[in-house]
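# A look at the structure
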Amino acid sequence: MKVSVNELLNIEELDARAVFEGVKYPWEALTEIKDFIFEYAKNLPSDFERIKEFVWVGKGTTIEKSVLINGPAIIGYNCEIRHSAYIRDNVIIGNDIVIGNSTEIKNSILFNKVQVPHYNYVGDSILGYKAHLGAGAITSNLKSDGTLVKVKYGTDIVETGLRKFGAIVGDSAEVGCNSVLNPGTIIGKDSIVYQLSSVRGYIPEKSILKSNGEIVERK
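In this text, all values refer to a predicted model and were calculated from it rather than measured experimentally. (Residues numbered from 1 in each chain as written. Predicted model: local features only at pLDDT ≥ 70, side-chain atom pairs only at ≥ 80, totals over all residues. Heavy atoms only, no water.)

### Examining the overall build of the chain
In terms of regular secondary structure, the chain is built from 2 helices and 27 strands. Its C-alpha radius of gyration of 16 Å places the chain within 12% of the 17 Å reference for a compact globule of 219 residues. By its C-alpha atoms, the chain is 50 × 35 × 35 Å across when sized along the principal axes. Looking at the 219 residues of the chain, the share that counts as buried comes to 51%. Nonlocal contacts in the chain, meaning residues at least 24 apart in sequence, comprise 30% of its contacts between residues at least 6 apart. Distance between charge centroids for the chain: 4 Å, based on 25 positive and 27 negative side chains. (Helix = DSSP H or I, 4+ residues; strand = E, 2+ residues; numbered from the N terminus. Rg over C-alpha atoms; globule rule 2.2 N^0.38 Å. Buried < 20%, exposed > 50% of the residue type's maximum accessible area, 1.4 Å probe, protein only. Contact = heavy atoms within 4.5 Å. Lys, Arg positive; Asp, Glu negative; His and termini not counted. Charge placed at Lys NZ, Arg CZ, Asp CG, Glu CD.)

As C-alpha cells, this is what we get:
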C-alpha cells in the first residue's frame, strides 16, 4: 500500500513543504498545520500581505468581496478565490490555485495548481499537485459513529489516530462531480474517480474507479 508522503505527493510543489518534515504518512501533518502556520509566517517573503489577523496572502492572488477567511491561513501566489468561498481555520494553500463558488476549506493543505472550483468541501484533507475535484465533490471527514479513522486496503489497516480525517488526493488525480470521498480515503497519483462515486479505502495510482466500484488500470 503506497501511502507515504513521497509516494502520493510531490512536495517540491508546495512552498510550505516543511510541514511534512519528519512525517511518514501525509495525514500526520494535519495536526501540525496551526502551529506550523504561525512559525512559517514569521519568515514569509515581502510580497506577502497580511490582510487580517493570522491571514497572509501572496502577490497576484485575487479574492472576491463575498469570500470569508477566518484563519490562520496562508494563501500563495496567483490564486483565484471566487464568490462565497469559505476558508476556515488552519489552511495552507499553495500557488496558482482555484477555490470556487461556495467551496469550503478547513484544516487542509492544497498543493500548487489544485482546483476546487464549484461547491466543494475539503475538510481535514490534503490535495496534491494539480488535483481536481469536480462540481459538488466533497471529502467526508468524520465517521458516523465518531470512532477514529483507519486507512484500509484489503486486509491491511493503518491506524491514523485521528477522529477527523477526510482524504489524501494524490498529484494530478481527478475526482468526478458529486462524488464523496469517505473518511480515510487515499487516491493515488494520476487516478480518476468517476462521477457520483462513493469512495472508500485506497485507490492505487494510475487507476480508474468506475461508478460500480470496479477499479481498472488507467492506460
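### A short note on the sheet that holds strand 25 (residues 202-203)
The sheet built from 9 strands is open, its strands ordered 1-2-5-8-11-14-19-22-25 with mixed pairing. Bordering the open sheet on either side are strand 1 (48-52) and strand 25, each of which pairs with just one other strand. Where strand 8 (residues 91-93) and strand 11 (residues 108-110) come together, 3 bridges link them in parallel fashion. Bridging across to strand 11, I92 finds its partner in I109. (Pairing = 2+ DSSP bridges.)

### Thoughts on the side chain of N107
Along the polypeptide, N107 turns up in the loop between strand 10 (104-106) and strand 11. Ignoring sequence-local partners within four residues, the contact set of N107 consists of L30, I33, D89, N90, V91, D124 and S125.

### Observations regarding the pairing of strand 9 (residues 98-101)
Of the pairings in the sheet, the one linking strand 6 (residues 80-81) to strand 9 comprises 2 bridges and is parallel in character. Counterpart to I81 in the pairing with strand 9 is I99. Strand direction decides the pairing type here: strand 9 and strand 12 (residues 115-118), joined by 3 bridges, are parallel. Among the inter-strand pairings, V98 is bridged to a residue of strand 12, identified as Q115.

### Details of helix 2 (residues 33-40)
Taken as a whole, helix 2 has its buried residues at I33, F36 and I37. Seen from one end, helix 2 has its buried residues packed into an arc of 100°, which puts them on one side. Of the surrounding secondary structure, the elements contacted by the buried residues of helix 2 are strand 2 (55-58), strand 5 (73-75), strand 8 and strand 11. (Arc of directions from axis to C-beta.)

### Remarks on the pairing of strand 18 (residues 156-162)
Here strand 17 (residues 149-153) runs beside strand 18; their pairing, made up of 5 bridges, is antiparallel. Residue pairing across strands places V149 opposite L162, the latter belonging to strand 18. The antiparallel pairing of strand 17 with strand 18 creates a hairpin that spans 2 residues between the two strands, and G154 there sits at a positive phi of about 60°.

### Describing the side chain of D124
Relative to the elements of secondary structure, D124 occurs in the loop between strand 13 (121-123) and strand 14 (126-127). Of the polar contacts made by the side chain of D124, one reaches the side chain of K106; its length is 2.7 Å. Those residues in contact with D124 that sit more than four places away from it in its chain are L30, K106, N107, S108, N141, K164, F165, G166 and A167. (Polar contact = N/O pair within 3.5 Å; in protein donor to acceptor, adjacent residues only side chain to side chain.)

### Section: the environment of V57
Its place among the elements puts V57 in strand 2. Once the C-alpha coordinates of V57 and V19 are considered, the two residues, 38 residues apart in sequence, prove to be 18 Å apart. When near neighbours in sequence (up to four residues on either side) are disregarded, V57 contacts D47, F48, E49, I51, I63 and I75.

### Structural notes on the packing of aromatic side chains
Taken as a whole, this structure holds 6 aromatic pairs when the rule is applied. Ring centres of Y25 and W27 lie 4.7 Å apart, and the angle between their planes is 10°; this geometry places the pair in the stacked category. Of the aromatic side chains, those joined through ring pairs into one cluster are Y25, W27 and F165. (Phe/Tyr/Trp six-rings, centres within 6.5 Å; stacked < 30°, edge-to-face > 60°.)

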